[in-house]
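# Tertiary structure, described
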Amino acid sequence: MKSAFEIMKIGAFLMAVCALASFGLALTNRATAPLISEQKRIAREMAMKEVLPGAVEFEDIELSDGRLAFNGKNSSGETIGMATIVSPKGYGGVIETMVGMDVDFKVTGIKILNMQETPGLGAKAGDPAFSGQFKGKTGEQLYLSDKDVKKGEIDAITASTITSKAVTDGVREAVEAMKNAE
Amino acid sequence: MMNDIVVLVIGAIFVNNFVLARFLGICPFVGVSKRVGDAVGMGMAVIFVMILASVASWLTFFYVLTPLKIEYMTTIAFILIIASLVQFVENVIKKMAPALYKSLGIYLPLITTNCAVLGIALLNVQNGYTLTQTVLHAVGASVGFTMALVLLAGIRERLERADIPPSLKGAPITFITSGLLAIAFMGFIGMV
Amino acid sequence: MLNELTKGIFRENPLLRLLLGTCPSLAVTSSLENGFGMGAATTFVLLCSNAMISLLKGIVPSKVRIPVFIVIIATFVTITDLSMSAYVPDLHKNLGLFIPLIVVNCIILGRAEAFASKNGIVPSLLDGLGMGIGFTMALSLIGSIREILGAGTLMGASLFGPSYQPFLMFVLPAGAFLTLGLTMGVMNWMEKRKA
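Calculation notes
- Residues numbered from 1 in each chain as written.
- Chains lettered and ligands numbered in written order.
- Predicted model: local features only at pLDDT ≥ 70, side-chain atom pairs only at ≥ 80, totals over all residues.
- Heavy atoms only, no water.
- Pairing = 2+ DSSP bridges.
- Helix = DSSP H or I, 4+ residues; strand = E, 2+ residues; numbered from the N terminus.
- Buried < 20%, exposed > 50% of the residue type's maximum accessible area, 1.4 Å probe, protein only.
- Contact = heavy atoms within 4.5 Å.
- Buried area = accessible area lost by both parts, 1.4 Å probe.
- Salt bridge = Lys/Arg side-chain N within 4 Å of Asp/Glu carboxyl O.
- Polar contact = N/O pair within 3.5 Å; in protein donor to acceptor, adjacent residues only side chain to side chain.
- Nonpolar A, V, L, I, M, F, W, Y, C, P; charged D, E, K, R; others polar.
- Phe/Tyr/Trp six-rings, centres within 6.5 Å; stacked < 30°, edge-to-face > 60°.

### Focus: the pairing of strand β1 (residues 57-62) of chain A
Residues and elements named next belong to chain A. Looking at chain direction, β1 and strand β2 (residues 68-73) are connected through 6 bridges and run antiparallel. Counterpart to Phe58 in the pairing with β2 is Gly72. What sits between β1 and β2 in their antiparallel hairpin is a turn of 5 residues, with Gly66 showing a positive phi close to 85°.

Right under this line is the structure:
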């Protein structure tokens, strides 16, 4: 019967270790969970302020197609624009992009939140040289500049047309979606 | 639907190859790639365990951890699932198929600390895959792992007869070879 | 005593000599900052798990020591994961999947089994610190090489001015393999010349 006792002893030991581990983790989780959600909120708000300069207060709105968007208000409480997130498919995966626009649906700024584009090539989409071009553009201008499509006003990143097109299409999609939601 | 399946499986095999693009499972990739035969055996064992582990960890995450709101226990739960799963598979194969055990058995204990297995379990839930997508992802990823392993083993068998600078013999030349393989695999980016 | 500390830095450097922990050293070393961050996180887990396991020496039944070690390591990894997410969210985002994967980093279980479970707490802490520093140094070295060649920067600061055309391949996966292979080759070559 020694072996049965041994097994029970070992089992009890394992349970004690697991219980202690769970307890430790529960405490850590309790201490860090509010900090983590606060960090996420700060990151989101910084992105929103960047794409919608001048806005200081934001309220969540849900569009009819289920898309999440935000209304941005300036310090005197007027709505000066809105922002939403799109995820067009680029070269290495989706390019999660936040797009801000004013009440006339002119783009006020874009910020790439997440992407897996090739470093040095497609990843240049995050550089101001490319993403800064979107500022002040309206829906009809949001195409890549090309010999055939004269209206396009966005210059693609050299050797990264797929990424450039994905971001441009994504920004246009965001503008259209907000327009349709009116 | 058909298109999604192809994208997921082919993407996991070629574009996001676990070894050459995501760097998961490098230890066995370098350790068990001296002979093609060993590489095939290890690959088969990984395919088997990765699919089982993906399903088991997915079920645990969505039916145990999420309802109890203890997602912070994910890492600890997954590694225990994988460790016990490997042990269980080892025992079952030993009893049911001694011949298979002879060829796969020695690779099984190595799989617990293969970060590709824990990696895929975590990726599945992070990407919010459904159970079907999880299985497909596991198939693609493990086949991709096996392919890279067998390719490297084939090259290393030939390298043994090559005149390599003495300082680069062994691990260094293996990494350099893998680097060249990774360059070749870059050609697949943008395919899906 | 001092030997426990220094052996991990050069002679038994876990990455460059013992070939342990290769996955994170390839995956997150595209810059010095990421390499150093990963090394620091691993060192923290290694110190905690070595200390805990040497304290439990003699209490853990030998049959179940591996599962017990794994639970202890996974606990410290999760604590690290949560704390990094709370205090250094940007680094946490860059390292991503490879923070939970510290659990299966062979260095940690290897030191637990080979050293901490047989030695007292002070040598175990020194061993963990030495191994951790050695690993961090190796990761920082590879991160620096890749960042300088692949992006022309170090810690994000431009080194060669705007006219430098970076050797992109070094920040891509292929460059990780090549850098690690060549670094090991140079280490071997220096060792041979000394001998």
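### Concerning unusual backbone geometry
Residue and element names in this part refer to chain B. For Phe23, which is not glycine, the phi dihedral falls at a positive 60°. By secondary structure assignment, the location of Phe23 is in the loop between α1 (2-15) and α2 (26-31). Residue Phe23 is classed as buried on the basis of its relative accessible area of 5%. For Lys69, which is not a glycine, the phi torsion comes out positive at approximately 55°. Relative to the assigned elements, Lys69 resides in the loop between α3 (36-65) and α4 (74-96).

### Some thoughts on the interface of chain C and chain B
Opposite the 34 residues of chain C that make contact, chain B presents 36 residues. Here chain C meets chain B over a buried area of about 3,000 Å², counting both sides, of which 85% is carbon and sulfur. Put simply, chain C and chain B have 0 salt bridges between them. The interface formed by chain C and chain B holds 1 residue pair in polar contact (both at pLDDT 80 or more) in total. Secondary-structure elements contributing two or more residues to the side of chain C that touches chain B are α2 (22-27), α4 (65-87), α6 (106-116) and α8 (173-194) of chain C. Of the residues contributing to the side of chain C that touches chain B, the split by class is 27 nonpolar, 6 polar and 1 charged.

### Topic: the packing of aromatic side chains
Residue and element names in this part refer to chain B. Applying the stated criterion to the full structure yields 10 aromatic pairs over all chains. Ring geometry for Trp58 versus Phe62: centroids 4.8 Å apart, planes at 45°, classification tilted. Taken together, the residues span about one helical turn, with Trp58 and Phe62 both in helix α3 at a distance of 4 residues. For the pair Phe185 and Phe188, a centre-to-centre distance of 5.3 Å together with 70° between the ring planes defines the contact as edge-to-face. Note on Phe188: relative accessible area 25%, which makes it partly exposed. An aromatic cluster is present here, built from Trp58, Phe61, Phe62, Tyr63 and Phe78 joined pairwise through their rings.

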